[in-house]
Amino acid sequence: MEKYDVKKAYKQLYSPPRDAFALVEVPEFRYLAVDGQGDPNTADAYADAVAALYGTAYTLKFASKRTLGRDFVVAPMEGLWRADDPAVFLTREKSAWEWTMMIGQPEWITEEMVTAATGEAAAKHPNPAFEHLRLVSFTEGLCVQTLHIGSYDAETPVLQRLHEHYLPYNKLTFNGDHHEIYLSDARRTAPAKLRTILRQPVKRVE
């Protein structure tokens with residue numbers, strides 16, 4: 001049985017250049033998702049969301065293999081980040097950040113499967129985030145992305161180049177939430193070696 005791996009199926013979207021920006025077209029994807037607010041380093045809601053997403057994702061993986069004969073690699077954690085004042089991302093005022101944490105799902109995963117997996121995972125390791133976990137789908141369309149290697153707090157110069165130089169020079173503007181894809185496990189990787197895709201949906205300025 002060949003495992004489905006979104007990073008291989010959509011290699012262009014999961015292997016952007018380092019220290020350079022690339023324009024890509026992102027199709028519709030489906031995700032397990034949990035919304036929240038606050039500093040991801042200290043907020044209980046963030047830790048609960050991550051635990052609920054991983055618990056449900058792995059339960060779905062095993063259920064899919066067992067009942068459908070279809071296996072897949074659990075996709076990386078991803079995050080959508082937003083704030084009333086986008087400047088808080090450059091100043092790193094994390095308490096003002098709002099987020100949606102997500103894990104991508106193969107197209108054959110259904111709402112019914114998610115409901116069953118969420119209930120099973122919550123019974124084993126209960127936390128409040130399971131009540132808010134849902135299956136969503138959306139299309140980001142035209143995006144600019146790059147690979148950042150280093151700590152999350154070291155993203156600021158990259159985002160400044162994107163916001164203040166690349167976008168205006170190429171007659172592009174924001175068209176959605178700042179999107180991060182975490183290719184490394186922060187629990188097992190030194191901050192200087194963390195690999196993170198930084199993605200920004202955009203639209204062309206007439």
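Residues numbered from 1 in each chain as written. Predicted model: local features only at pLDDT ≥ 70, side-chain atom pairs only at ≥ 80, totals over all residues. Heavy atoms only, no water.

For helix α6 (residues 156–169), spanning 14 residues, the distance from its first C-alpha to its last is 19 Å, which sits close to the expected 20 Å at 1.5 Å a residue. A bend of about 35° at L162 is the largest found in α6. Following α6 by one or two positions, K171 has its phi on the positive side, about 55°. (Helix = DSSP H or I, 4+ residues; strand = E, 2+ residues; numbered from the N terminus. Expected span 1.5 Å × (residues − 1). Bend = angle between axes of the 7 residues up to and from the residue.)

The next point concerns helix α3 (residues 44–68). Over its 25 residues, α3 extends 35 Å from the first C-alpha to the last, a length consistent with the 36 Å expected when each residue adds 1.5 Å. Among all positions of α3, only Y46, A49, V50, A52, L53, T56, A57, T59, L60, K61, A63 and S64 are buried. Its buried side turned inward, α3 meets β1 (22–37), β2 (77–82), β3 (98–105) and α5 (111–124). Positive backbone phi, approximately 70°, marks G69, located one or two places after α3. (Buried < 20%, exposed > 50% of the residue type's maximum accessible area, 1.4 Å probe, protein only. Contact = heavy atoms within 4.5 Å.)

Going through the model one piece at a time under the given rule, you end up with 11 salt bridges. For D35, the salt bridge goes to R134, with nearest N and O atoms at 3.2 Å. Taken together, the residues span a long stretch of sequence, with D35 in strand β1 and R134 in strand β4 (residues 134–149) at a distance of 99 residues. Using a relative accessible area of 32% as the deciding quantity, one classes R134 as partly exposed. Residue E107 pairs with R70 through a salt bridge whose shortest N-O separation is 3.9 Å. Note that E107 is positioned in the loop between β3 and α5 and R70 in the loop between α3 and β2, a separation of 37 residues in sequence. Judged by relative accessible area, which is 58%, E107 ranks as exposed. In this structure, a network of salt bridges that share partners links the residues K61, K65 and D71. (Salt bridge = Lys/Arg side-chain N within 4 Å of Asp/Glu carboxyl O.)

So, on to the packing of aromatic side chains. In this structure the tally under the stated criterion is 12 aromatic pairs. Seen from their ring centres, Y4 and W108 are 5.9 Å apart, and the 75° between their planes marks the pair as edge-to-face. Placement of the pair is Y4 in the segment before α1 (6–9) and W108 in the loop between β3 and α5, with a sequence separation of 104 residues. A relative accessible area of 27% places Y4 in the partly exposed class. Seen from their ring centres, Y152 and Y182 are 5.6 Å apart, and the 80° between their planes marks the pair as edge-to-face. (Phe/Tyr/Trp six-rings, centres within 6.5 Å; stacked < 30°, edge-to-face > 60°.)

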